[in-house]
Amino acid sequence: MGLHFHRNPDGTTTGRNDDTGFTVTNTDAEEVKRLLYEDAGWAYTPPPPPVPAGFHRFSLVHEEFEATGFEDERYAGLRARPPEGCVPVDWGCFALECERPGKTLLDAVAGTVAEIRREHGLVMNSLGVEKPHEWLGSDRNGPAAEIVAHLVLTAAHRARLLGYGRKDVVRLLDAAGVE
């Protein structure tokens, strides 16, 4: 089954269910999603209410190539004392769902990652983005920013596994022209 969504130049969103041929266009993207889910026979869950000004909603994940799980002993302290605004969740691995303050989403993520590292000695290495190649929007505090944070954390983690250090990663960022 394939549900597809397309943002149109006029600001509307069109959705299509490939299996049934059902197609709908509306100015409210969430309504398009709801109608397509209904057509597909799937349960629809509306998005959560917006976070207060100056806060950001995101997930942090500790993914490893070796199979560990939510109950792994390394996470005991973090399960018992997560950062304020974060709730531990079992995604088949250890994850936190967070609503945290920050000037930007990246600022909120960085502050949370630093606090977890300082307080629990654990480096969260993902935001759980499943398809980071699907660029979503241009809002510097929206899904596109989540993808950036996810890719940076994942790259830092994997670079460390390969023996690269901070200077190596920073040199690559500098060479790419990040200012």
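Residues numbered from 1 in each chain as written. Predicted model: local features only at pLDDT ≥ 70, side-chain atom pairs only at ≥ 80, totals over all residues. Heavy atoms only, no water.

### Let's talk about the state of the cysteines
The criterion, for reference: The rule for a disulfide is simple: a pair of cysteine sulfur atoms within 2.5 Å. For the purposes of this entry, the term helix denotes a DSSP run of H or I that reaches at least four residues, the term strand denotes a run of E that reaches at least two, and both are numbered from the N terminus. A 1.4 Å probe rolled over the protein chains alone gives each residue an accessible area, and that area as a share of the maximum for its type sets the label: buried under 20%, exposed over 50%, partly exposed in between.
Enumeration over the complete set of coordinates arrives at 1 disulfide. Disulfide partner of Cys-86: Cys-98, at an S-S distance of 2.2 Å. Between Cys-86 and Cys-98, the S-S torsion sits near 115°, and that sign places the bridge as right-handed. With Cys-86 in strand β5 (residues 86-90) and Cys-98 in strand β6 (residues 94-101), this residue pair connects regions lying 12 residues apart in the sequence. Side by side, Cys-86 and Cys-98 carry an identical accessibility label, which is buried.

### Side note on a nonpolar patch on the surface
The condition is simple: Surface patches are defined over residues having more than 30% relative accessible area and no salt bridge, joining like charges when they lie within 9 Å and nonpolar side chains (Val, Leu, Ile, Met, Phe, Trp, Tyr) when within 5 Å. The method behind every accessible area is Shrake-Rupley, applied with a 1.4 Å probe, and residues are considered shielded solely by the protein chains displayed. Salt-bridge detection follows one rule: a side-chain nitrogen of Lys or Arg within 4 Å of a carboxyl oxygen of Asp or Glu.
On the surface, a nonpolar cluster with roughly 370 Å² of combined accessible area is contributed by Leu-106, Trp-135, Val-148 and Val-152. Mapped onto the fold, Val-152 is located in helix α4 (residues 143-161).

### Looking at the sheet that holds β5
Basically, it comes down to this: Two strands are counted as paired when DSSP detects at least two bridges linking them. Interaxial angle, 0 to 180 degrees, is taken between N-to-C directions of lines fitted to C-alpha atoms, where a helix line uses only the stretch in contact. Contact criterion: two residues are considered in contact whenever any of their non-hydrogen atoms come within 4.5 Å of each other.
Sheet architecture is open: 3 strands sit in the order β4-β6-β5, paired in antiparallel fashion. Among the strands making up the open sheet, the edge pair consists of β4 (55-62) and β5. Taking the axes of each pair of neighbouring strands and ignoring which way they run, one obtains an average angle of 20° across the sheet. Relative to β6, β4 runs antiparallel, the two being bridged by 8 bridges. Bridged to His-62 within β6 is Phe-94. With respect to the sheet, helix α3 (residues 105-120) is in contact with β4, β5 and β6, its orientation differing from that of β4 by roughly 45°.

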